[in-house]
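One letter stands for each residue in the lines below.
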Amino acid sequence: MTDEIMEKNKEKKIGDNKLLANLEWFYKATIICILASFIWIVAFFAAVMLVCCAVMSIIALYKVRSGKYGLKDNGFIVPAFSISVGLILGIGVFAGFAWLDHILGLDNNYGQREEIYGLNSVISLLNRENQNWRHGTDSWNDLFREKGELSHYSHFIEDTDLERYAFNAQALRTDIKIPQDMVLLFPTEGRGKDQTGGVEMYRQSGPRSVYVLLVNGKLKQCPYEKARYLKWSPQDSGVIPMQDLFLKTGVLAGILFIIPVVFIVRNWSVVREKKKTVILMAFLAAVAGGFMSWLSENAFYCSKFLFYYYEELNLGIGVPLGIIVGLLAGICYTVQTAKRVDRDSLRYASMYGYITLYGIITGVVSAIFVHLLLMVFYEVFLLEAIFLGSIFGLYCGLLLAVITQSAFPVKLVDNESQNKANPVAETGR
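Residue numbers here run from 1 along each chain, matching the order of that chain's written sequence. Reporting in this predicted model follows two pLDDT cut-offs: at least 70 for local features of residues, and 80 or more for side-chain atom pairs to be given and counted; totals over whole chains, interfaces and linings ignore these cut-offs and use all residues. Only hydrogens and water are removed before side-chain values are computed, so all heavy atoms of the structure are retained for them.

Engineer: For this particular structure, what's the right way to read the pattern of salt bridges?
Structural biologist: Opposite charge on two side chains makes pairing possible when the charged atoms of those side chains draw close. When a carboxyl oxygen of Asp or Glu lies within 4 Å of a side-chain nitrogen of Lys or Arg, that pair is called a salt bridge. Under the counting rule described, the total for this entry stands at five salt bridges. Across the salt bridge formed by Arg191 and Glu163, the nearest N and O atoms sit 3.2 Å from each other. One end of the pair, Arg191, is in the loop between β2 (183-187) and β3 (195-197); the other, Glu163, is in the loop between α6 (154-158) and β1 (165-168), and 28 residues separate them in sequence. The salt bridge involving Arg347 is made with Asp344; its shortest N-O contact spans 3.5 Å. Buried means the residue's accessible area, taken with a 1.4 Å probe over protein chains only, is under 20% of the maximum for its type, while exposed means over 50%, and partly exposed covers the values in between. We classify Arg347 as partly exposed; its relative accessible area is 38%. Three or more residues joined by partner-sharing salt bridges are found here, namely Arg340, Arg343, Asp344 and Arg347. Numbering of helices and strands starts at the N terminus; helices are DSSP runs of H or I of at least 4 residues and strands are runs of E of at least 2.

Next up, the structure:
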């Protein structure tokens, strides 16, 4: 009877070891699929792999935490669980926000935003041809149709109901100096040809948050119940009260900016000890951050290419923001990874799981942080920018982690020490 029990326990341990081996294989395969998921068929396999990793890691994590099975962590359970469950939940959260943003008052109102982009492109064309074109706005609908057909933005103008827009009458005056942050063009509640007016005509129905065009070419997103706070005349302050989303976002971003600085200061001894690796990772992360932030700013916020057509405003802050965030992220990633390797490299035969986990976390958090700052500066909420930015951040963080994992070598130990650190390795042979 005793021999039978021992045989069952042995088979059980072998089965548990196979679970860990399979989890390690699925995790590494998932990482490869994620890196190649720009191919749609590979993206499908990546999704399947994530689900498999989530199930196996949950089972393995339960067996390790319960202590009933004698199962020891191999360094892949926590990374597999964190990445698979985190990505699945992250996609679910973004999908949920996409459905619920109208309840939260953050409607992106994509169609109306594209219309404003198109109208602004025509205004840019008119400004280049004749700076005094605003004097003849009595028939601006016809003028915009004519100029729109001559430009490569004609597809925007053709689909835009110009009678749903109006010029701010105060912004067309020639006897006063017009502030650059004053409302120039806005959507109206009623329809009419060649409309001009003020806040009394502002759209009061439909999506809660709509876009207006300022004199300086900047788009501003504003819920209709706060339209009165916009700058309709030179005397208005144009300051939306404290509950403004972008002020909250700016405060949040400022608080988050302090966290990596405090982390680096508290671990300065590790920074000095690993200074060569820190310099290498900080440089690579800064280059990646600067490039991706430049790409994001031009794609989403001033839109020189890719998604929208918006010419007037380009703050040029993407590159410096990306470099600063990349530097901090690279240092934090190196410090945390070095600490984990120094602490656990005697326990695990491979630190690949934690290295890639930290790379993904660093990339995604950095991308979200950069987009929060860009949204504050451009005063526009773009959910799709955060979502796509997170995906590219994941790619960059993961790629840097895979490329630089040799900078964090596992300590070499003899078989006896390895077996003491991880008894499962011996029983599985």
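Once the structure has been displayed, the description carries forward.
Engineer: Quick question: what am I supposed to make of empty space enclosed by the protein here?
Structural biologist: Empty space among the atoms becomes apparent when a probe as large as a water molecule is rolled across them. Computed over the protein atoms alone on a 1 Å grid, cavities are sets of points where a 1.4 Å probe fits but cannot get out and pockets are open sets with protein on both sides within 12 Å along at least five of seven lines; a residue lines them when it has an atom within 4 Å of a point. Grid points are joined across faces, edges and corners, and a volume is the space filled by probe spheres set on the points. Scanning the model with the defined rule gives two cavities of 30 Å³ or more in all. Taken as a whole, the largest cavity encloses approximately 360 Å³ of empty space. Lining the largest cavity are 26 residues; nearest its centre among them are Gly289, Gly363, Ser366, Gly393 and Cys396. Those elements that provide at least two residues to the lining of the largest cavity are α9 (275-301), α10 (318-344), α11 (352-378) and α12 (383-404).

Engineer: Would you take a moment to explain the packing of α11 against α12 for this structure?
Structural biologist: Describing two packed helices takes the angle between their axes plus the distance from one axis to the other. The convention used is that axes are lines fitted to C-alpha atoms, helices contributing only their stretch in contact, and that angles between N-to-C directions extend from 0 to 180 degrees. Between α11 and α12, the least distance of the axes is 7 Å, while the angle of their chain directions is 145°. The two elements α11 and α12 meet at a crossing, and its hand is right-handed. From α11, Tyr352, Ile355, Thr356, Gly359, Ile360, Gly363, Val364, Ala367, Ile368, His371 and Met375 reach across to α12, where they touch Ala385, Ile386, Gly389, Ser390, Gly393, Leu394, Gly397, Leu398, Ala401 and Val402. Amino acids outside the nonpolar list (Ala, Val, Leu, Ile, Met, Phe, Trp, Tyr, Cys, Pro) and the charged list (Asp, Glu, Lys, Arg) are all regarded as polar, and Gly is one of them. Tallied by class, residues from the contact of α11 with α12 come to 13 nonpolar, eight polar and no charged. Each crossing gets its handedness from the near helix: less than a right angle anticlockwise from the far helix is left-handed, clockwise is right-handed. By the convention used here, residues are in contact when the closest approach between their heavy atoms is within 4.5 Å.

Engineer: Looking at this structure, how should I read the pairing of β1?
Structural biologist: Consecutive residues of a regular strand have side chains that alternate between opposite faces of the sheet. A strand pair is defined by DSSP finding two or more bridges across the two strands. Judged from the three bridges that link them, β1 and β2 form a sheet pairing that is antiparallel. When the bridges of β2 are listed, Ala166 appears paired with Phe186. Sheet topology note: the β1/β3 ladder contains three bridges and is parallel. Its bridge partner being in β3, Phe167 is matched across the sheet by Thr196.

Engineer: Help me out: how do you make sense of the environment of Arg228 in this one?
Structural biologist: Inspection of the secondary structure assignment puts Arg228 in the loop between β5 (219-223) and α7 (245-266). Overall, Arg228 belongs to the exposed group, its relative accessible area being 54%. Along the backbone, Arg228 and Gly238 are 10 residues apart, and their C-alpha atoms lie at a distance of 8.7 Å. Definition of a polar contact: a pair of N or O atoms within 3.5 Å, with one able to donate and the other able to accept a hydrogen when the atoms are protein atoms, and with sequence-neighbouring residues admitted only if both atoms are side-chain atoms. A polar contact is formed between the side chain of Arg228 and the side chain of Tyr229, at a distance of 3.0 Å.

Engineer: Mind showing me how you'd approach a nonpolar patch on the surface here?
Structural biologist: Together, Phe38, Ile39, Trp40, Ile41, Phe44, Phe45 and Val48 line one region of the surface with nonpolar side chains, adding up to about 790 Å² of accessible area. For Phe45, the position within the fold is in helix α2 (residues 40-66). Patches here are clusters of residues that have more than 30% relative accessible area and form no salt bridge, with a 9 Å joining cutoff for like charges and a 5 Å cutoff for nonpolar side chains (Val, Leu, Ile, Met, Phe, Trp, Tyr). A 1.4 Å probe and the Shrake-Rupley method give the accessible areas. Residues count as covered only by the protein chains that appear here.

Engineer: In this structure, what is going on with the layout of surface pockets? I would like to understand it.
Structural biologist: Estimated volume of the largest pocket: approximately 690 Å³. The wall of the largest pocket is formed by 26 residues, among which Gly86, Leu87, Ile91, Ile391 and Leu394 lie closest to the centre. Only α2, α3 (77-100), α11 and α12 provide two or more residues apiece to the lining of the largest pocket. Among the residues making up the lining of the largest pocket, the classes are represented as 21 nonpolar, five polar and no charged.

Engineer: Hey, could you run me through the side chain of Ser293 in this one?
Structural biologist: Its place among the elements puts Ser293 in helix α9. Ser293 gets classed as buried once you look at its relative accessible area, which sits at 4%. Here Ser293 is in contact with Gly318, Gly322 and Val370, once residues within four sequence places are set aside.

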